[in-house]
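Results of the structural survey
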Amino acid sequence: MIGIILIYAVVLGGMWFLLMRPQKKEQKRIQAMLATMEVGDTALTTSGFYGVIIDITDDDVIVEFGNNKNCRIPMQKAAIAQIEKPSAE
């Protein structure tokens, strides 16, 4: 009986490790990306739109998608998938 409980504990522990570890790693990557954002960087949103960051506040990021087409994106929603730094030409 103790052996069966021990096996279940090991299996559940392994499943937790396999499922939770990648999620925490991804959260750390997103937090690091958001911390290095600067005005002028190009942002790719999770919906697939590219835009230029024109303002950053504690709660929001304002991204310009075209000629005076701006969008306010909350920082907590992690709607920004990727940041590209402008190249030094």
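An unreviewed UniProt entry lists the protein chain under the name Preprotein translocase subunit YajC, with Faecalicatena acetigenes as the source organism. Here the protein chain is described in UniProt, under the heading Subcellular location (unreviewed entry), as follows: "Cell membrane". Its UniProt record, at the heading Sequence similarities (unreviewed entry), says of the protein chain: "Belongs to the YajC family."

Attention now moves to the sheet that holds strand S5 (residues 80-84). As summarised here, the arrangement of the five strands in space is S4-S3-S2-S1-S5, forming an open sheet in which the pairing is antiparallel. The sheet terminates laterally at strand S4 (69-74) and S5, the two strands that pair on one side only. For this sheet, the mean inter-axis angle between neighbouring strands, taken without regard to orientation, is 40°. The pairing of strand S1 (residues 42-45) with S5 spans four bridges and is classified as antiparallel. If you follow Thr-45 over to S5, its bridge partner there is Ile-80.

Rules of the game
- The numbers attached to residues start from 1 for each chain and follow its sequence in the written order.
- Under the rules for a predicted model, residues below a pLDDT of 70 receive no local features and side-chain atom pairs below 80 are neither given nor counted, while totals for whole chains, interfaces and linings still include all residues.
- Hydrogens and water molecules were not included; the side-chain quantities draw on all heavy atoms of the structure.
- UniProt positions are given in the numbering used here, feature names are shortened, and annotations may be inferred rather than shown by experiment.
- A strand pair is defined by DSSP finding two or more bridges across the two strands.
- The helix count covers DSSP runs of H or I at least four residues long, the strand count covers runs of E at least two residues long, and both are numbered beginning at the N terminus.
- Every axis corresponds to a line fitted to the C-alpha atoms, with the helix fit spanning only the stretch in contact, and the corresponding angles, defined between N-to-C directions, vary from 0 to 180 degrees.

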